[in-house]
Amino acid sequence: MTVAEELTPATPEDESEEPIKKRKNGLYPGVSDELAESMQSGWADTELRDLEPIAQAAETAARRAALSARFPGERLVIPAGNLKTRSNDTEYPFRASVEYAYLTGNQTEDGVLVLEPVSGGHTATLYLLPRSDRENGEFWLSGQGELWVGRRHSLTEASTLYGVPVSDVREIADKLREATGPVRVVRGYDAGIEAALTDKVTAERDEELRVFLSEARLVKDEFEIGELQKAVDSTVRGFEDVVKVLDKAEATSERYIEGTFFLRARVEGNDVGYGTIAAAGPHACTLHWVRNDGAVRAGELLLLDAGVETHTYYTADVTRTLPINGRFSEIQKRIYDAVYDAQEAGIAAVKPGAKYRDFHDAAQRVLAERIVEWGLVEGPVERVLELGLQRRWTLHGTGHMLGMDVHDCAAARVEAYVDGVLESGMVLTVEPGLYFQADDLTVPEEYRGIGVRIEDDILVTAEGNRNLSSGLPRRSDEVEAWMAGLKA
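Residues numbered from 1 in each chain as written. Predicted model: local features only at pLDDT ≥ 70, side-chain atom pairs only at ≥ 80, totals over all residues. Heavy atoms only, no water.

**Some points on the overall build of the chain**
Put simply, the rule is: Helix and strand assignments come from DSSP, with helices taken as H or I runs of at least 4 residues and strands as E runs of at least 2, each series counted from the N terminus. Between buried and exposed lies partly exposed: a residue is buried under 20% and exposed over 50% of the maximum accessible area for its type, with that area taken using a 1.4 Å probe on protein chains only. Residue contacts follow a heavy-atom distance rule, with two residues in contact if any of their heavy atoms lie within 4.5 Å. To measure how exposed things are, a 1.4 Å probe is used in the Shrake-Rupley method; for residues, cover is taken only from the protein chains shown. Neither His nor the chain ends is counted toward charge; the positive residues are Lys and Arg and the negative residues Asp and Glu. For this purpose, a charge sits on NZ of Lys, CZ of Arg, CG of Asp or CD of Glu.
Looking only at helices and strands, the chain features 18 helices and 17 strands. Considering only C-alpha atoms, the chain reaches an extent of 80 × 55 × 40 Å along its principal axes. For the chain, the proportion of its 488 residues judged to be buried stands at 49%. In the chain, 68% of the contacts between residues at least 6 apart in sequence involve partners at least 24 apart. Here the chain displays about 23,000 Å² of accessible surface, and carbon together with sulfur accounts for 50% of that area. Of the charged side chains in the chain, 54 are positive and 85 negative; the average position of the first set lies 3 Å away from that of the second.

**Some remarks on the packing of helix α11 (residues 222–244) against helix α13 (residues 254–268)**
The line we're drawing: What counts as an axis is a line fitted to C-alpha atoms, over the stretch in contact for a helix, and the angles between N-to-C directions run from 0 to 180 degrees. When the near helix sits turned anticlockwise from the far one by under a right angle, the crossing is termed left-handed; a clockwise turn instead gives a right-handed crossing. Three classes are used: nonpolar for Ala, Val, Leu, Ile, Met, Phe, Trp, Tyr, Cys and Pro, charged for Asp, Glu, Lys and Arg, and polar for all others, with Gly counted as polar.
Running from N to C, α11 and α13 point in directions that differ by 145 degrees, and their axes come no closer than 9 Å. Two packed elements cross with a definite hand, and for α11 against α13 that hand is right-handed. Where α11 approaches α13, its residues Ser234, Thr235, Arg237, Gly238, Phe239, Asp241 and Val242 are matched on the opposing element by Ile257, Thr260, Phe261, Arg264 and Glu268. By residue class, the composition of the contact of α11 with α13 is four nonpolar, four polar and four charged.

**So, the side chain of serine 132**
Within the secondary structure layout, serine 132 lies in the loop between β5 (121–128) and α5 (138–141). Residue serine 132 is classed as buried on the basis of its relative accessible area of 6%. With residues near it in sequence (within four places) discarded, serine 132 still touches Glu138, Phe139, Gly145, Glu146 and Arg152.

**Observations concerning the sheet that holds strand β9 (residues 277–280)**
Convention followed: Two strands are said to pair when DSSP picks up at least two bridges between them.
Read across the open sheet, the three strands follow the order β9-β10-β12; overall the sheet is antiparallel. The strands lining the two open edges of the sheet, one partner per strand, are β9 and β12 (318–323). The mean angle between the axes of side-by-side strands here comes to 10 degrees, regardless of whether they run parallel or antiparallel. Helix-sheet contacts for α13 involve β9 and β10 (301–306), and the interaxial angle to β9 is about 150 degrees.

**Quick look at helix α18 (residues 476–487)**
Because the α-helix completes a turn every 3.6 residues, residues three or four places apart line up on one side. The condition is simple: Take the residue count of a helix, subtract one, and multiply by 1.5 Å to get its expected span. Starting at the helix axis, one direction is taken to each C-beta atom, and the arc is that of these directions.
Relative to the 16 Å expected for 12 residues at 1.5 Å per residue, α18 spans 17 Å between its end C-alpha atoms, a close match to the ideal helical length. For α18, the full list of buried residues reads Ser476, Val479, Glu480, Trp482 and Met483. Looking straight down α18, one finds that the buried residues subtend no more than 165 degrees of arc, so they occupy a single side. If you follow the buried residues of α18, they end up packed against α11, α12 (246–251), β12 and α14 (330–348).

**What to know about the packing of aromatic side chains**
Our working rule: Stacked, edge-to-face and tilted labels apply to pairs of Phe, Tyr and Trp rings (six-membered ring for Trp) whose centres lie within 6.5 Å, assigned for plane angles under 30 degrees, over 60, and everything in between, in that order. Definition used: whenever NZ (Lys) or CZ (Arg) falls within 6 Å of the ring centre and also within 35 degrees of the ring normal, the charge is taken to sit over that ring.
According to the stated counting rule, one finds nine aromatic pairs in the structure shown. For the ring pair phenylalanine 239 and phenylalanine 261, a centre distance of 6.0 Å and an interplane angle of 85 degrees mean the geometry is edge-to-face. With a gap of 22 residues between them, phenylalanine 239 in helix α11 and phenylalanine 261 in helix α13 connect regions that are remote in the sequence. Through successive ring pairs, a cluster of aromatic residues spans Trp374, Trp393, Phe436 and Tyr447. In this structure, arginine 134 is placed above the aromatic ring of tryptophan 43, and the distance from its NZ or CZ to the ring centre is 5.0 Å. Sitting over the face of the ring of phenylalanine 139, arginine 134 holds its NZ or CZ atom 4.4 Å from the ring centroid.

**A word on the sheet that holds β5**
Here five strands make up an open sheet; going across it, the order is β6-β5-β4-β1-β7 and the pairing mixed. With partners counted over all chains shown, the strands left at the sheet margins are β6 (166–168) and β7 (183–185), one partner each. Here the strands of the sheet are splayed against their neighbours by 25 degrees on average, with no regard to which way each runs. Of the strand pairs in this sheet, strand β1 (residues 75–79) and β7 are connected by three bridges, and their pairing is parallel. From the neighbouring strand, leucine 76 faces β7, where its bridge partner is arginine 184.

**Here we look at the domain arrangement of the chain**
Heads up, the rule is: The start and end points of each domain follow an automatic or database-based domain assignment. Values labelled buried area give the accessible surface lost by two parts on being combined, using a 1.4 Å probe and summing over both.
Its domain assignment divides the chain into domain 1 (52–217) and domain 2 (222–487). A separation of 35 Å is found between the C-alpha centroids of domain 1 and domain 2. Each side of the interface is counted separately: domain 1 has 16 residues, and domain 2 has 16 residues. Here domain 1 meets domain 2 over a buried area of about 1,400 Å², counting both sides, of which 50% is carbon and sulfur. Considering only the side of domain 1, the residues that lose the most area to domain 2 are Arg95, Glu215 and Arg217, jointly responsible for 37% of the buried surface there.

**Notes on the pattern of salt bridges**
So the rule is basically this: The working definition used for a salt bridge is a side-chain nitrogen of Lys or Arg within 4 Å of a carboxyl oxygen of Asp or Glu.
Taken as a whole and judged by the stated rule, the model has 38 salt bridges. For glutamate 138, the salt bridge goes to arginine 152, with nearest N and O atoms at 3.4 Å. With glutamate 138 in helix α5 and arginine 152 in the loop between α6 (146–149) and α7 (155–162), the pair connects residues that are 14 residues apart, well separated along the chain. The exposure class assigned to glutamate 138 is buried, which follows from its relative accessible area of 15%. The partner of aspartate 199 in a salt bridge is lysine 200, with the nearest N and O atoms 3.9 Å apart. Residue aspartate 199 is classed as exposed on the basis of its relative accessible area, which comes to 63%. A single network of salt bridges, built from pairs that share partners, joins Glu74, Arg184, Arg205 and Glu208.

**Quick notes on α11**
The condition that has to hold: Pairs of N or O atoms within 3.5 Å make up the polar contacts considered here, provided that, within protein, one atom can donate a hydrogen while the other can accept it, and that residues adjacent in sequence are counted only when both atoms are side-chain atoms.
Over its 23 residues, α11 runs 34 Å from end to end, which matches the ideal 33 Å to within 8%, given 1.5 Å per residue. With a side-chain oxygen positioned 3.1 Å from the backbone nitrogen of phenylalanine 223, the residue opening α11 is aspartate 221.

**As for the UniProt feature "domain: Aminopeptidase P N-terminal" (unreviewed entry) in the chain**
Stated formally: UniProt positions are given in the numbering used here, feature names are shortened, and annotations may be inferred rather than shown by experiment.
Annotation from UniProt places "domain: Aminopeptidase P N-terminal" (unreviewed entry) at residues 55–194. A distance of 31 Å separates the end C-alpha atoms of residues 55–194, which is 34% helix and 22% strand.

**Some details on the side chain of glutamate 215**
Tracing the chain through its elements places glutamate 215 in helix α10 (residues 203–216). Residue class for glutamate 215 comes out buried when judged on its relative accessible area of 19%. Filtering out sequence-adjacent residues up to four positions away, glutamate 215 remains in contact with Ala412, Arg413 and Ala416.

Okay, structure coming up:
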């Protein structure tokens, strides 16, 4: 078949071939045989033969071994996911499913990891797209061809990188349709793979697989802890970048802050780990303010909640509330210091053997004591906590697990997570806050429109804990001194 023929819809004789889509309003009506022949030849050999396994290859192998041990005798299918259309013929940047990236280290679209049961365990095969085809012209005619979006690794290169056999993913759907025996799949990422398994899987069994992979990430290995520290260190530099340009943000909007932090994330990492919250003034009282289109005014506070994501998908999640002019007012400092004291109590409660809920309870108690002390609600504190009255102004939980997702391990069982016990190697955020809405008539006017959150990323250690984000000051006087030094 010539390339010119492949630009037309497939016929029954060649329906196994995927026709290369032609843009409806493209400027070229077709491809001559002479051009097709020219494009097939004259290219250098670019196979990469000196590759080394990825840095986490030993860790991904250990993770697959743990998965194999949990589900003996069952075929396990973990897809990466597919490109998603943003508009017309443009796609969103691809991010592989966490389960797939955790087990393989690979991040390319359409990939599928399959663990085939054998005596004594499983054999793992990674199914990927090979390099785009030069014989049929895909490499220059397809919108996903090499000359349009970049070179893919060959299957041989990928096998070296990821430490597992690699096969052509275009074969996997047919193989799965013919599969016998028990099968489980991670749902929600690849409709084609799920369709191939539709008569072989059940929602209940698939959920057990998803839950296991979520709980497997509760305790981080040394590679993961190192990546999280990298993410935090870049995030610290991103916060410094923002402080240095607050005058420019005042002249424009919160978007200048968002863009400044994003530059650091893209230069040193893969992306931001979640939508940056650059909330100035009363916007700080909106917990997930990501519009970032408001004014930045001297005399108000900036609540910046942001995190860099590393190239291996591990994200930081840090919040600081900063006086835009560099100095807290008396009422701002009163509220800020209350949140700081609550965070100090929360961090102190993070240690191996402690209940997961302990750090939340410790922080909430301090906040409840302050709002009783300020006369915002009638005590005693025990009554306030029992009835949850402090939640009008604290709103959210005091933290969450952190890792490849900003809210990591979300599918874990409640008894293993919220009702569980902290272990060395867990990483979580401690992030109490107080938020006094601009229209809240139950508080004095001077409180209204002030929102404060302080958030750090805490590693549980054998001795207690380590604050991964300690590079950013937290105490109010230290924050002021830090900002003054950066502006100088």
